[in-house]
Amino acid sequence: MTDLTSLTLAEARKGLADKTFTSLELTDAHLSAIEAARVLNAFVMETPDQARAMAREADNKIAKGDAGPLAGIPLGIKDLFATKGVRTTACSKILGNFVPTYESTVTSQLWRDGAVMLGKLNNDEFAMGSANETSCFGPVGNPWRREGSNTTLVPGGSSGGSASAVAALLCMGATATDTGGSIRQPAAFTATVGIKPTYGRCSRWGIVAFASSLDQAGPIARSVRDSAMLLRSMAGHDPKDTTSVDIPVPDYEAAIGKSVKGMKIGIPKEYRLDGMPAEIEKLWEAGAAWLRSAGAELVEVSLPHTKYALPAYYIVAPAEASSNLARYDGVRYGLREQGRNIIELYENTRAEGFGAEVRRRVMIGTYVLSAGYYDAYYLRAQKVRTLIKKDFEDCFAKGVDAILTPATPSAAFGIGEKGGADPVEMYLNDIFTVTVNMAGLPGIAVPAGKDAQGLPLGLQLIGRPFEEETLFSLGEVIEQAAGRFTPARWW
Amino acid sequence: MSVDAATVRRIAHLARIAVSEDEVPHLQGELNAMLAFVEQLSEVNVEGVEPMTSVTPMQMKKRQDVVNDGEIADDIVANAPATEGHFFLVPKVVE
């Protein structure tokens, strides 16, 4: 039954509805695939018993004709989402053996619609990273390798487990989160589709917080259509998150195959970086050509503050993180290291519980918020953020429907290859994606081709607020033109 | 701007993260690399620009000022490292 793992979510939905196979068979096929792929380290916890129980329940509902839109579909859940009764760690030692007594809104909506949980997926500690190397459970392997090489590459991050598992056919789709590119960059590194919806589209309730004004949940999937199906279930208003937006969730799947004729697509000149690999430049041109032949109009646009997005992000995100992560005190949950007094208990717990990257970001965040530095750093960064958002608004005001850019400045790299000496080297991975979080916009990464070494590369489409449907229509055009990419199995 | 060793120790204490003496030079280098990177923001003209406070322009939703949750003390302390009944245990704070 292993071939069941190669179906898309849309194909599996049809097979389940036609009773060609059961959810239990589909789930078992994926559980076996997970077992055989442990070397990838994509899952940090497997929940086979719960998966089979959920699959049986889905099969009953399907038999009764009472199936939800994701009935019987086995998914992986990033370990940042609180799952009731199932250990949730954000891949940090400081959460230890935390077992939530509640369920995140996004996952509860997936279960409401009939999906099956296979387990929890690896990610960078507290979603801080671009290579999934900062997880306390160790790095994740990318199912893709350079042609003729057996070096293990990173899957990107922070949703590296999600991207790796979807690409390696271990789950039919996965939840992910994106603060500066954590859905789109790993999707691009693994030839999967990842969408970060508009800020406010998915509830953040029950998701371990990193930077609250930037964090947004979204799916990683095997196709554009699959990502549309997943987002429809994940999105929606939640009174428990005051930033969650109270507007109806459209049927995103209906946007797939819709004509893009007459749409105006912006090509931002500031994204043409010095030293950008020629392959990425070529891919970008190919993407523009595909959209043009589908009837879209391509125009050059300017987003003048682009180069300031990443530095502004590295003030705003650590500042918010330092505040959000203040809750890990060794008192209410998680790890505790003893001290002679309460302050020492806090200090020892946080020194022992946080990894190097998290410590660094909490400290820089503390610094930029501290007395005497707030105006020079944090306030200035928030002003720059206003300017970044205005760049996009000016562009959309000129009638631009979406913006096409490369998703990443390079293909996947080897474990340990980047950021060893200078953290900024790793941060540059998010140069094309981070502007979207700063402006709260939706962005989708779609596989578009391979580099000379046979590694996947992706394109990004950026949309107007709450116009995810446009991104699905355009993404489908790219997917149809570029085809889909599956890694050769080596694990 | 850059930070010296004393500032690194001060930030670590503010952040409630224990830092040993031999970690300070390394941390100082990393923090200064980040500060050098964000330095380029000083060239942006932000005269008269409002700082962003809400990424999606919307009215803050307000809920009814009523009790809508509670009576879950068992849940609240379920993951605590040290408890007694429904209390969190900490080292003595007040002498």
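Bear in mind the structure is a predicted one, so any value in this text is a computation, not a measurement. Throughout this description, residue numbers start from 1 for each chain and increase along the sequence as written. Following the order in which they are written, the chains are lettered starting with A and the ligands numbered starting with 1. The predicted nature of this model means local features are confined to residues of pLDDT at least 70 and side-chain atom pairs, given and counted, to a pLDDT of 80 or more, with totals for whole chains, interfaces and linings taken over all residues.

### Some remarks on the overall build of chain B
Here is the rule we go by: Labels follow the DSSP assignment, with helices taken as runs of H or I lasting at least four residues and strands as runs of E lasting at least two, numbered in each case from the N terminus. Throughout, the radius of gyration refers to the C-alpha atoms, and the reference size of a globule is 2.2 Å times the residue count to the power 0.38. Comment: burial labels come from other C-beta atoms within 10 Å of the residue's own C-beta, placed from the backbone, where a count of 20 or more is buried, 12 or fewer is exposed, and between is partly exposed.
The helix and strand tally for chain B stands at three helices and two strands. The N-to-C order of helical and strand elements in chain B reads α-α-α-β-β. The C-alpha atoms of chain B give 22 Å as radius of gyration, which overshoots the globular expectation for 95 residues (12 Å, by more than 25%). C-alpha extents for chain B along the principal axes are approximately 55 × 45 × 25 Å. Residues counted as buried form 16% of the 95 residues belonging to chain B.

### Topic: the overall build of chain A
The following threshold applies: Whether two residues are in contact is decided by their C-beta atoms, placed from the backbone, lying within 7 Å.
If you tally the helices and strands in chain A, you get 15 helices and 11 strands. Against the compact-globule benchmark of 23 Å for 491 residues, chain A has a radius of gyration of 21 Å, which places it among compact chains. Counting only C-alpha atoms and orienting by the principal axes, one finds that chain A spans roughly 65 × 55 × 50 Å. Within the span of chain A, comprising 491 residues, buried residues form 62% of the whole. Within chain A, counting contacts between residues at least 6 apart in sequence, those at least 24 apart form 77% of the total.

### Remarks on the confidence of the model for chain B
In plain terms, the rule: Scored from 0 to 100, pLDDT reflects the predictor's confidence in each residue.
On average, residues of chain B score 93 in pLDDT, and 100% of them are at 70 or above. In the model output, the complex is listed with pTM 0.97 alongside ipTM 0.96.

### Quick look at helix α2 (residues 24-38) of chain B
One full turn of an α-helix is made of 3.6 residues, so residues set three or four places apart face in the same direction. Which entries qualify depends on this criterion: Take the residue count of a helix, subtract one, and multiply by 1.5 Å to get its expected span. Regarding the arc, it is the one traced by the directions from the helix axis to the C-beta atoms.
Between its first and last C-alpha atoms α2(B) spans 21 Å; for 15 residues at 1.5 Å apiece the expected length is 21 Å, and the two agree. Taken as a whole, α2(B) has its buried residues at L27(B), E30(B), L31(B), M34(B) and V38(B). One side of α2(B) carries all its buried residues, which in axial view fall inside an arc of 95°. Taken together, the buried residues of α2(B) touch α9 (309-324), α11 (356-369) and α13 (423-427) of chain A together with α1 (5-14) of chain B.

### Details of the nonpolar core
All names here are of chain A. The following threshold applies: Structurally, a nonpolar core is described as a collection of buried Ala, Val, Leu, Ile, Met, Phe, Trp, Tyr and Cys residues joined by way of C-beta atoms within 7 Å.
Residues L75, V116, A312 and I315 are the most contacted members of the largest nonpolar core, which totals 168 residues. At 10 residues, α9 tops the list of elements feeding residues into this core. When sequence neighbours within four positions are dropped, the list of residues in contact with V116 reads S23, T27, A51, M54, A55, A58, G72, I73, P74 and L75.

### Things to note about the pairing of strand β4 (residues 173-178) of chain A
All names here are of chain A. Under the convention used in this document: Note on pairing: DSSP must find at least two bridges between two strands before they are called paired.
For β4, a buried count of six out of six residues is recorded, marking the element as mostly surrounded by other parts of the structure. Residues of β4 alternate between two faces, with G173, T175 and T177 on one and A174, A176 and D178 on the opposite face, all of them buried. In terms of strand pairing, β4 meets strand β6 (residues 216-221) through six bridges, oriented antiparallel. Counterpart to D178 in the pairing with β6 is Q216.

### Things to note about the interface of chain B and chain A
Basically, it comes down to this: Polarity classes work like this: nonpolar for Ala, Val, Leu, Ile, Met, Phe, Trp, Tyr, Cys and Pro, charged for Asp, Glu, Lys and Arg, and polar for all others, with Gly in that last group.
Chain B puts 38 residues into the contact, and the matching count from chain A is 54 residues. Mapped by element, the contributors of at least two residues to the side of chain B that touches chain A are α1 and α2 of chain B. Take the side of chain B that touches chain A: its biggest share by element is six residues, from α2(B). Classifying every residue of the side of chain B that touches chain A by side-chain character gives 29 nonpolar, three polar and six charged.

### Focus: the environment of A356(A)
Residues and elements named next belong to chain A. Examined against the element boundaries, A356 turns out to sit in helix α11. A356 gets classed as partly exposed once you count the C-beta atoms within 10 Å, which come to 14. When the C-alpha atoms of A356 and E125 are compared, they prove to be 9.7 Å apart, with 231 residues separating the residues in sequence.

### Brief notes about α1(B)
Along α1(B), the positions that sit buried rather than exposed are V8(B), I11(B) and A12(B). Each buried residue of α1(B) sits inside an arc of 100° when the element is viewed along its axis, so together they form one side. Of the surrounding elements, those touching the buried residues of α1(B) are α11 of chain A together with α2 of chain B. Following α1(B) by one or two positions, R16(B) has its phi on the positive side, about 55°.

### Re the packing of helix α2 (residues 23-36) of chain A against helix α3 (residues 48-63) of chain A
Residue and element names in this part refer to chain A. Where we set the bar: The convention used is that axes are lines fitted to C-alpha atoms, helices contributing only their stretch in contact, and that angles between N-to-C directions extend from 0 to 180 degrees. If an angle is under 35 degrees, it is roughly parallel; if it is over 145, roughly antiparallel; if it lies from 65 to 115, roughly perpendicular; otherwise it is oblique. Should the near helix be turned counterclockwise from the far one by less than a right angle, the crossing is left-handed, whereas a clockwise turn marks it as right-handed.
At a closest axis distance of 8 Å, the pairing of α2 and α3 adopts a crossing angle of 155°. Looking at the two axes, α2 sits roughly antiparallel to α3. Considering only the axes of α2 and α3, their crossing is right-handed. Of α3, the residues touching α2 (which contributes S23, L24, T27 and L31) are P48, A51, R52, A55, R56, A58, D59 and I62.

### Here's the deal with unusual backbone geometry
Residue and element names in this part refer to chain A. Cis geometry marks the peptide bond from G157 to S158, where omega comes out at 10°. Of note, S158 is situated in the loop between β3 (116-121) and α5 (160-167). Phi at F126 takes a positive value of approximately 55°, unusual for a residue other than glycine. In this structure, F126 sits in the loop between β3 and α5. Despite not being glycine, L169 has its phi angle at roughly 65°, a positive value. Topologically, L169 is positioned in the loop between α5 and β4. Classification of L169 by C-beta neighbours within 10 Å gives buried; the count is 23.

### Quick word on the pairing of β3(A)
All names here are of chain A. By the criterion of burial, β3 is predominantly enclosed, with six of the six residues buried. Direction of pairing for strand β1 (residues 43-46) relative to β3: antiparallel, over a ladder of three bridges. For F43, the partnering residue across the bridge sits in β3 and is L121. Across five bridges, strand β2 (residues 74-78) lies against β3 in parallel orientation. Pairing of L75 across the sheet is with M117, part of β3.

### Considering the environment of V19(B)
Mapped onto the elements of the fold, V19(B) is located in the loop between α1 and α2. Judged by C-beta crowding, with 19 C-beta atoms within 10 Å, V19(B) ranks as partly exposed. Ignoring anything within four residues of it in the chain, the contact list for V19(B) reads A351(A), R9(B), A12(B), V24(B) and L27(B).

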